[in-house]
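# Breakdown of the fold
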Amino acid sequence: MSDHVTIVEVGPRDGLQNEPYTIPTEVKIELIERLADTGLGVVEATSFVAAPAIPQLADAEEVFGRIQRKPGVRYPVLVPNEKGYERARQVGADEIAVFTAASEAFNKKNINCTIAESLQRFAPVLERARADGVRVRGYVSTVLGCPYQGEVPVAEVVRVAEALHEAGCAEISLGDTIGVGTPAKARTMLETVAKSVPMEQLAVHFHDTYGQALANIHACLDAGVRVVDSSVAGLGGCPYARGATGNVATEDVVYMLNGLGMKTGIDLMALARVGDWIAGELDRPRSRTGQAILKRS
Ligand SMILES: CC(C)(COP(=O)([O-])OP(=O)([O-])OC[C@H]1O[C@@H](n2cnc3c(N)ncnc32)[C@H](O)[C@@H]1OP(=O)([O-])[O-])[C@@H](O)C(=O)NCCC(=O)NCCSC(=O)C[C@@](C)(O)CC(=O)[O-]
């Protein structure tokens, strides 16, 4: 099994989308560019969603249009429908992510439609993406629990992941949106999905609400996953997931992976400096690893 793990840095999108005050566009651009300088290969940059739904990312065109893209780094953006696709393409996005959930109740709150309707909405987006040579990632939220309906059957996660895969998504990210998962449950969910979608096309996306994210990632690495989503300084949270805290911190994930002898290509000290800076800008706590290694140095 490969010892290389791809980290998908979601800080500039998932990390910022729920921040309460308007973050200057310059800060967002600087964050994306500084993250790309740490060795990260994928930096999810922003979302082309409806502004009233996510006011914080209403400057998506300006952010994406102004970043200096580093060769070799991918900059996917979230797209909920054809309108989002057109906006993203107009400013040169060449990789997108569509997003739905394994829970009807969450989907309704998040994107105002049923799961089936969301898949119908994505069909023309995926068709255009295929024609344009645009890579598409598909997110499935609430894979280990929903803030509105509670338990989410694994069969539902499989059904939605399969549908996204069949529709042409190159990668499916399985999101524990509210961070309720525990390692055995996370591993079982992943292994069950992997019977229908190849493990090489799966990613895991954990929030750290109950402090389980690293343990969950470890269990999923053991099961064979090699793509992990995380957010610098543990920024983040979905506005439609009540009580959910931030994503797992990228610094903590990289520290754990280094300890396991796995390769990410990321300069942990450089990443810790970016985490320290953005946490200061947003008046948010630092990651555990970031704090520790900066203090030691
Ligand atoms: C999906 C919609 C658009 C449906 O929203 P809707 O109100 O049902 O859509 P609509 O088609 O009826 O359009 C309503 C208005 O929005 C406009 N509109 C429509 N689409 C767009 C667009 N793309 N860009 C800009 N404007 C748009 C549209 O033009 C119209 O404007 P009006 O005519 O009233 O002036 C809305 O609910 C939405 O944007 N939701 C986004 C919610 C979101 O971004 N949530 C966070 C991301 S998901 C997440 O964080 C979880 C994840 C991925 O991280 C994984 C995990 O942790 O689980």
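Looking at an unreviewed UniProt entry, the chain carries the name hydroxymethylglutaryl-CoA lyase, with the source organism given as Wenzhouxiangella sediminis. Per UniProt, the chain carries the Sequence similarities (unreviewed entry) text "Belongs to the HMG-CoA lyase family." UniProt, in the comment section headed Pathway (unreviewed entry), describes the chain in these words: "Metabolic intermediate metabolism; (S)-3-hydroxy-3-methylglutaryl-CoA degradation; acetoacetate from (S)-3-hydroxy-3-methylglutaryl-CoA: step 1/1."

It is worth spelling out the overall build of the chain at this point. Helix and strand content of the chain: twelve helices and nine strands. The C-alpha atoms of the chain give 17 Å as radius of gyration, which agrees with the globular expectation for 297 residues (19 Å, within 12%). With respect to the three principal axes, the spread of C-alpha positions in the chain is 50 × 40 × 35 Å. Looking at the 297 residues of the chain, the share that counts as buried comes to 56%. Of all intrachain contacts in the chain linking residues separated by at least 6 positions in sequence, the fraction that spans at least 24 positions is 76%. Total accessible area on the chain is roughly 11,900 Å²; 50% of this is exposed by carbon and sulfur atoms. A gap of 1 Å separates the mean positions of the 30 positive and 37 negative side-chain charges of the chain.

Before going further, it helps to examine unusual backbone geometry. We note that T142 has phi near 55 degrees; this positive angle belongs to a residue other than glycine. Mapped onto the fold, T142 is located in the loop between β6 (135-141) and α7 (154-167). With a phi close to 60 degrees, A233 is a non-glycine residue in the positive phi region. By the element assignment, A233 lies in the loop between β9 (227-230) and α10 (250-259). Since its relative accessible area comes to 6%, A233 is described here as buried.

Once that is clear, we can look at the site of the ligand. Around the ligand there are 25 residues in total, and R87, N110, N112, S141 and T177 lie nearest to it. Note that a nitrogen atom of the ligand is positioned 3.3 Å from one of the backbone N or O atoms of V49. In the model, a nitrogen atom of the ligand is placed 2.8 Å from a nitrogen or oxygen of the R87 side chain. When the free accessible area of the ligand is taken as 1,100 Å², the share hidden by the protein chains comes to 71%. Breaking the shell around the ligand down by element, the ones donating at least two residues are α1 (11-15), α4 (82-90), α5 (104-111) and β6. When its residues are assigned to classes, the shell around the ligand shows eleven nonpolar, nine polar and five charged.

Turning next to helix α8 (residues 183-193). Every buried residue of α8 is listed here: A186, M189, L190 and V193. Burial along α8 is one-sided: seen end-on, the buried residues are contained in an arc of 95 degrees.

What follows covers the side chain of R137. Considering the arrangement of structural elements, one finds R137 in strand β6. Among the polar contacts made by the side chain of R137, one reaches the side chain of E171 at a distance of 2.7 Å. Separated by 2.9 Å, the side chains of R137 and D229 make a polar contact. Beyond its immediate sequence surroundings of up to four residues, R137 is in contact with V8, I96, A97, V98, C169, E171, S173, A203, V227 and D229.

How each quantity is defined
- Residues numbered from 1 in each chain as written.
- Predicted model: local features only at pLDDT ≥ 70, side-chain atom pairs only at ≥ 80, totals over all residues.
- Heavy atoms only, no water.
- UniProt positions renumbered as here; feature names shortened; annotations may be inferred.
- Helix = DSSP H or I, 4+ residues; strand = E, 2+ residues; numbered from the N terminus.
- Rg over C-alpha atoms; globule rule 2.2 N^0.38 Å.
- Buried < 20%, exposed > 50% of the residue type's maximum accessible area, 1.4 Å probe, protein only.
- Contact = heavy atoms within 4.5 Å.
- Areas by Shrake-Rupley, 256 points an atom, 1.4 Å probe, with all protein chains shown as cover.
- Lys, Arg positive; Asp, Glu negative; His and termini not counted.
- Charge placed at Lys NZ, Arg CZ, Asp CG, Glu CD.
- Near = heavy atom within 4 Å.
- Polar contact = N/O pair within 3.5 Å; in protein donor to acceptor, adjacent residues only side chain to side chain.
- Nonpolar A, V, L, I, M, F, W, Y, C, P; charged D, E, K, R; others polar.
- Arc of directions from axis to C-beta.

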